[in-house]
Amino acid sequence: MRENPLKIAVLGLNDTGRSLLDAAKGLDCFTIAAVGDNDANLAQQVAKDYNCAAYDDYRRLIIQNQLDCLLVAAPIHNCAEYLKLAIKKKFHILKLPPFARNFSEAAEFVKMAQNEGVTLAAANPGRFAQSALAARGYFLQNPAQQPFLILAAAGEPTPSTPRAKWRDDPMLAGGGAILYDCWEIIDQIILNFGLPQQVYCVAGSTAGDRQQRLYRTEDSAIITMKFGDAMSGNLLAGHASVGQSLANQQQKWLIAQCQDTIVRCDDKVFEIADSRGQRLRQDEFADDSSARMKMVLENFGSHLLWPDKNPLVSPAADNLKIMAFIEAAYLSARTGMPEEPARILKIA
């Protein structure tokens with residue numbers, strides 16, 4: 001047990017990286033020692049704002065500093081080798097999803113962290129969303145209301161500016177709409193209903209010709225899930241799965257059709273209706289992404305300082321189930337056959 005604040009650095013100063021910094025600055029358990037980004041000017045500017053050291057070389061940041069924690073918002077293709085270096089230096093790591101491009105890479109990170117005695121966690125704000133917690137509480141308190149049909153969707157409205165080119169490259173990005181837009185909703189599905197026995201995925205790309213599509217990540221997908229003889233579901237991923245009411249914000253929703261009730265949850269609202277659609281309960285919540293990110297960091301820091309009193313909410317090993325689901329979906333899209341996430345999970 002220790003009382004001194006944890007010395008941290010942030011890799012990647014995109015919008016989510018800045019949200020990590022803002023959240024960390026407001027917590028007594030952290031002191032910001034350094035920031036790093038491939039854009040040297042951006043790193044210098046942010047470092048000045050936070051009164052810390054700036055680096056445009058991730059390797060140099062890790063080698064030249066003795067940190068307690070590394071908070072990582074940089075794309076995984078830019079920092080995978082540096083995460084391994086940080087783990088070997090015994091830095092605890094909090095990585096924004098996705099924390100790997102594929103299941104084998106995720107399993108390698110988890111195994112390395114376990115071997116080095118390092119805490120590796122996924123920064124999963126969805127686990128702190130009040131609407132998702134309300135849904136989780138409902139299903140735990142009402143085990144008889146087991147759904148027979150699940151409908152879910154996640155995606156971002158079509159961006160007004162072109163996205164980074166690496167997002168279209170399967171080797172660099174690892175995937176498209178499923179990997180980058182559906183992490184939180186897949187986590188919510190697994191937490192509430194378990195890992196599906198089988199998933200069947202059909203994915204599509206906006207690339208004009210078939211040859212070009214082979215070199216692009218998917219822009220949309222439909223994933224059919226089978227949980228057993230009594231429960232199945234569909235997950236829609238991509239721009240078309242959400243409306244345009246919240247410009248430039250990711251949206252997600254989950255509907256569970258039970259025998260007597262219909263349960264619905266989105267980013268702000270949890271509601272229950274009877275089997276005829278008459279509303280029985282509606283809870284609206286005011287929490288936002290910045291509040292959830294602060295709770296992610298507070299849980300991570302408190303766990304490292306006082307582990308006996310503060311269990312980690314989203315350890316990376318837990319998130320291997322999400323990666324197994326995603327890996328099975330991508331495998332199914334290639335084979336045209338249903339695939340089993342549990343079989344992939346056994347590899348770990």
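Residues numbered from 1 in each chain as written. Predicted model: local features only at pLDDT ≥ 70, side-chain atom pairs only at ≥ 80, totals over all residues. Heavy atoms only, no water.

Student: Report on the overall build of the protein, specifying residues and quantitative values.
Tutor: Across its full length, the protein carries 13 helices and 14 strands. The C-alpha radius of gyration computed for the protein amounts to 20 Å, which stays within 12% of the reference 20 Å derived for 348 residues, consistent with globular compactness. In terms of overall dimensions, the protein has a C-alpha envelope of 60 × 50 × 40 Å along the principal axes. Every one of the 348 residues in the protein was classed for burial, and the buried ones make up 50%. About 16,500 Å² of surface is accessible on the protein, with carbon and sulfur atoms providing 49% of the total. (Helix = DSSP H or I, 4+ residues; strand = E, 2+ residues; numbered from the N terminus. Rg over C-alpha atoms; globule rule 2.2 N^0.38 Å. Buried < 20%, exposed > 50% of the residue type's maximum accessible area, 1.4 Å probe, protein only. Areas by Shrake-Rupley, 256 points an atom, 1.4 Å probe, with all protein chains shown as cover.)

Student: Could you give an account of the pattern of salt bridges, with specific residues and numbers?
Tutor: Applying the stated rule across the entire model yields 15 salt bridges. Where Glu271 meets Arg279, a salt bridge forms, and the shortest distance between an N and an O atom there is 3.9 Å. Judged by relative accessible area, Glu271 falls into the buried class, the value being 19%. Given the relative accessible area of 55%, Arg279 is considered exposed. A single network of salt bridges, built from pairs that share partners, joins Glu184, Lys252, Asp267, Asp287 and Arg292. (Salt bridge = Lys/Arg side-chain N within 4 Å of Asp/Glu carboxyl O.)

Student: Explain the confidence of the model for the protein to me, using residue names and the numbers behind them.
Tutor: Mean pLDDT over the protein works out to 91, with 91% of the residues at or above the 70 mark. Note on residues 243-248: pLDDT is under 50 here. Beyond four places in sequence and across chains, it has eight contacts. (pLDDT = per-residue confidence, 0-100. Contact = heavy atoms within 4.5 Å.)

Student: Provide a residue-level description of a nonpolar patch on the surface, including the pertinent values.
Tutor: Taken together, the side chains of Phe148, Leu149 and Leu151 make up a nonpolar region of the molecular surface, amounting to roughly 220 Å² of accessible area. Within the fold, Leu151 resides in strand 7 (residues 149-155). The class of Leu151 is partly exposed, set by a relative accessible area of 34%. (Patch = residues over 30% accessible without salt bridge, like charges linked within 9 Å, V, L, I, M, F, W, Y side chains within 5 Å.)

Student: Quick rundown of the sheet that holds strand 5 (residues 92-95)? Include the residues and the values.
Tutor: Strands sit in the order 3-2-1-4-5-6 across an open sheet of six strands; the sheet is parallel. Each having just a single partner strand, strand 3 (53-55) and strand 6 (120-122) make up the two edges of the open sheet. Taking the axes of each pair of neighbouring strands and ignoring which way they run, one obtains an average angle of 25 degrees across the sheet. Sheet topology places strand 2 (residues 30-36) next to strand 3; three bridges connect them, and they run parallel. Each residue of the ladder has a partner; that of Val35, found in strand 3, is Ala54. Relative to the sheet, helix 2 (residues 40-50) contacts strand 2 and strand 3, its axis offset from that of strand 3 by approximately 165 degrees. Each of strand 1 (6-11), strand 2, strand 4 (69-72), strand 5 and strand 6 touches helix 11 (residues 289-305); the most contacted strand, strand 5, lies at about 165 degrees to it. (Pairing = 2+ DSSP bridges. Axes fitted to C-alpha atoms, helices over the stretch in contact; angles between N-to-C directions.)

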